[in-house]
Amino acid sequence: MNKIVFFVFVLLLSFSCSKKEEEKFEAFSLEAFAYDIGDSWEINATVNVKGFVKKEVGDELSTSLDFRVDLVDPNGGMTKDIFIDSKEVKSKELIDVQLEAQFELDYNSPDGLYKIIFHITDKYSGEIVSADAEFELKK
């Protein structure tokens, strides 16, 4: 009887220790920059995402992410969906994904601090995460 109890205890312990903790869907390391290209501003932004659902496709892992970007100007005005894209990734190892947005602003846009907001959807789970960063326009 003691051997059975011990065996069940060891079995439960091994299952509880081997279970991986599920990673939270999150966006991190968002960066945004503005470049003066003469007659307009080029805005470049990147964000990394992890914790998305991965599906096995053959011998690779796959994920699918939709994302859209909003822009808040120095006066508080918001331009929704200034950039929209999606990214499908297949890889042997899939830990995080970098998303990139690039768009132009009129050169006459007011100087000041702008905020860029990424809204990212994991198409496999339906989860949504947002992240924001600021950049400055200065002529």
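Before any of the text, the structure's been laid out above.
Quick look at the structure, then. Small disclaimer: the values here were computed from a predicted structure and weren't measured.

Roughly 180 Å³ of internal volume is contained in the largest pocket. Tallied by class, the residues present in the lining of the largest pocket amount to two nonpolar, two polar and five charged.

So, about the pattern of salt bridges. Applying the stated criterion across every chain, the model contains nine salt bridges. K123 serves as the salt-bridge partner of E88, at 3.4 Å between the closest nitrogen and oxygen. Highlighted residues: E88 in strand 5 (residues 78-91) and K123 in the loop between strand 7 (112-122) and strand 8 (128-137), separated in sequence by 35 residues. The residue K139 makes a salt bridge to D111 at a minimum N-O spacing of 3.7 Å. Of this pair, K139 sits in the segment after strand 8 while D111 sits in the loop between strand 6 (96-106) and strand 7, placing them 28 residues apart in sequence. Note on D111: relative accessible area 38%, which makes it partly exposed. In this structure, a network of salt bridges that share partners links the residues R68, D70, K80 and D81.

Our focus in this paragraph is the sheet that holds strand 2 (residues 40-50). Strands sit in the order 1-2-6 across an open sheet of three strands; the sheet is antiparallel. Either end of the sheet is taken by a strand with one partner, and the two such strands are strand 1 (26-36) and strand 6. In this sheet, adjacent strand axes meet at a mean angle of 15° when their direction is disregarded. As paired elements, strand 2 and strand 6 share eleven bridges and run antiparallel to each other. Residue pairing in the sheet places T46 in a bridge with E100 of strand 6.

Attention shifts here to the side chain of S64. Tracing the backbone shows S64 in strand 4 (residues 60-72). With near-sequence residues (within four places) excluded, S64 lies in contact with K87, E88, T121, D122, K123 and Y124.

Before going further, it helps to examine the packing of aromatic side chains. One pass over the structure, following the stated rule, counts four aromatic pairs. Between F67 and F118, the aromatic rings sit 5.9 Å apart at their centres with planes inclined by 25°, giving stacked as the arrangement. Here F67 is found in strand 4, whereas its partner F118 is found in strand 7, with 51 residues between them in sequence. Across this residue pair, the class does not change: F67 and F118 are buried. Here a set of aromatic residues connected by ring pairs shows up, and it is made of F67, F83 and F118. Directly above the ring of Y107 sits K139, whose terminal nitrogen or CZ lies 5.6 Å from the centroid.

Next up on the list: a nonpolar patch on the surface. Where nonpolar side chains cluster on the molecular surface, the patch consists of F33, Y35 and I37 and spans about 290 Å² of accessible area. Checked against the element boundaries, I37 lands in the loop between strand 1 and strand 2.

By the alternation rule, side chains of strand 8 split into V129, A131, A133, F135 and L137, which are all buried, and I128, S130, D132, E134 and E136, of which none is buried. The pairing of strand 7 with strand 8 spans ten bridges and is classified as antiparallel. Within strand 8, the position partnered with I117 by the bridge is D132. The hairpin turn running from strand 7 into strand 8, its antiparallel successor, is five residues long, and G126 in that turn takes a positive phi close to 85°.

Cut-offs applied
Residues numbered from 1 in each chain as written. Predicted model: local features only at pLDDT ≥ 70, side-chain atom pairs only at ≥ 80, totals over all residues. Heavy atoms only, no water. 1 Å grid on protein atoms, 1.4 Å probe; cavity = no way out; pocket = protein on both sides within 12 Å on 5 of 7 lines; lining within 4 Å. Points joined across faces, edges and corners; volume = space filled by probe spheres on them. Nonpolar A, V, L, I, M, F, W, Y, C, P; charged D, E, K, R; others polar. Salt bridge = Lys/Arg side-chain N within 4 Å of Asp/Glu carboxyl O. Helix = DSSP H or I, 4+ residues; strand = E, 2+ residues; numbered from the N terminus. Buried < 20%, exposed > 50% of the residue type's maximum accessible area, 1.4 Å probe, protein only. Pairing = 2+ DSSP bridges. Axes fitted to C-alpha atoms, helices over the stretch in contact; angles between N-to-C directions. Contact = heavy atoms within 4.5 Å. Phe/Tyr/Trp six-rings, centres within 6.5 Å; stacked < 30°, edge-to-face > 60°. Lys NZ or Arg CZ within 6 Å of the ring centre and 35° of its normal. Patch = residues over 30% accessible without salt bridge, like charges linked within 9 Å, V, L, I, M, F, W, Y side chains within 5 Å. Areas by Shrake-Rupley, 256 points an atom, 1.4 Å probe, with all protein chains shown as cover.

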